[in-house]
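Coordinate inspection notes
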Amino acid sequence: MNRKNLTITLLVLFAFFSNTTQAQLLDKLVKKAEKAAERTVERKVEQKAEKTTEEAVDKVLNNKTTENSGPKNSKSTKKNKSIQSAKDFVAGTKIIATEDFSQDAVGDFPVNWSTNSSGEVVSFSDSDAKWLQLSDNGNFMPNHITRLPDNFTFEFDLYSTEGFSFYSTPLRIGFIESKKKTDYLKWGEFKNGNEGIIVGLHPQVAGNQSRGYSFFKVMSDGGELMKNDAEISNYNNNQSTAKVQFWRQNGRLRMYVNGEKIWDLPNAFQEVNYNNIVFFIQGYHEKKDKYYISNLRLAEAGKDTRHKLIETGSFTTNEILFDVNKSTIKAASASVLEELGQVLKENPKVKITIIGHTDSDGKESDNQKLSEQRAESVKTYLNKNFGIEVSRMTIQGKGESEPIATTNTEEAKKQNRRVEFKISK
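To start, this report covers the structure provided alongside it.

Parameters and conventions
Residues numbered from 1 in each chain as written. Predicted model: local features only at pLDDT ≥ 70, side-chain atom pairs only at ≥ 80, totals over all residues. Heavy atoms only, no water. Helix = DSSP H or I, 4+ residues; strand = E, 2+ residues; numbered from the N terminus. Expected span 1.5 Å × (residues − 1). Buried < 20%, exposed > 50% of the residue type's maximum accessible area, 1.4 Å probe, protein only. Polar contact = N/O pair within 3.5 Å; in protein donor to acceptor, adjacent residues only side chain to side chain. Pairing = 2+ DSSP bridges. Axes fitted to C-alpha atoms, helices over the stretch in contact; angles between N-to-C directions.

Concerning helix 5 (residues 364-386)
Compared with an ideal rise of 1.5 Å per residue, which puts 23 residues at 33 Å, helix 5 spans 33 Å between its outermost C-alpha atoms and is within 8% of the ideal. Those residues of helix 5 not exposed but buried are Asn367, Leu370, Ser371, Arg374, Ala375, Ser377, Val378, Lys379, Leu382 and Phe386. A positive phi of about 70 degrees marks Gly387, the residue just after helix 5.

Written out as structure tokens, the structure reads:
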């Protein structure tokens, strides 16, 4: 009830009172009612003001939080920047060796392997795939891997039994130089050969079932050059199956576990003839503990971007992928572009020409335009993601005019769809 209506109602009541005392009492009631109404209005105004103030403060604080949550953007301080990282593993395409134990009988040790211990091929009830169960305390080497190129990828699947004990030893993988057939036996938890890179995996750190760990050490001329270890979250006793991937590019070694890059070591491989891969364990603490491996794949990978561009002055790749008939760069291109971006950052005086090439499908004039647009997209990507100054990069488009493969097969077309980088003066 507003003040006006309240006053009218009280005046009507006043008419019913006949004596002076009652009139005075009623007058007091009217004044009290008016003051109560005023206080009610004041409280409403105060509540509305408080709400408006709170909203304004929240807006200011939210803006401050947004501004302080990441690096400042020169165009706007209210937008968060997303962190971009090239994590994509790019498998080599030229197969050197594979192993899925399909030729071996369950219960036997595989015919193409050597060991100083034992092991057996097994299968699990939920799959027809075969795995090699590694027995207690031994070394295990695939005999059909006898060379490790300067650029290769190596992958395998790993499974460890549930509740794997912290006190059981890690699985170690070694990329080693062997001069004799028995050199793979020189490696162990308490012994080392002359030349090798050893990487270890274990599904549990002390007291934590949800975290595993990895480590590496580089041995050269019988001495330890470097080592390190790290906890990992995506291979552990709660997630006991892993895809393990290695990528060598000359001296560089990257290691991935379930798609996450764990190690990136620029100077791991030394100038020696690495030619064997060996798995080894020291022992299981509990009888139930076991490591299993399967689906091994060794393949020759592309040349090292750093070597090709800086040392030879040019680099050509068909690993920069675009949407069909467009210049939009696909996410799968991130790895090779990261290599290019890093090498240009590390060599700030180097200027390059980016040259786009297409296959011969479609009109020649359209292909010419598309090749220029794709070269421009690469230039923009390197500038935006790695800060490479546009003045250091020029572009050209060659369309379909300079094919490197002359047949009309899909493989030939893939080779012709490429981007070329040349150091310019």
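Details of the environment of Asn236
When you line up the elements, Asn236 lands in the loop between strand 10 (223-232) and strand 11 (241-249). Separated by 28 residues in the primary sequence, Asn236 and Asn208 have C-alpha atoms spaced 9.0 Å apart. From its side chain, Asn236 meets the backbone oxygen of Ser233 in a polar contact 2.7 Å long. A distance of 2.7 Å separates a polar atom in the side chain of Asn236 from the backbone nitrogen of Gln239.

Here we look at the sheet that holds strand 18 (residues 393-399)
Strand order in the open sheet formed by 4 strands is 16-19-17-18, with mixed pairing between adjacent strands. At either end of the open sheet lies a strand with only one pairing partner, and these are strand 16 (314-317) and strand 18. Taken pair by pair, the neighbouring strands of this sheet meet at an average axis angle of 20 degrees, ignoring direction. With 4 bridges connecting them, strand 16 and strand 19 (residues 418-424) associate as antiparallel partners. Its bridge partner lying in strand 19, Thr316 is registered against Glu420.

Such coordinate-based values are descriptive only and should not be taken to indicate function.
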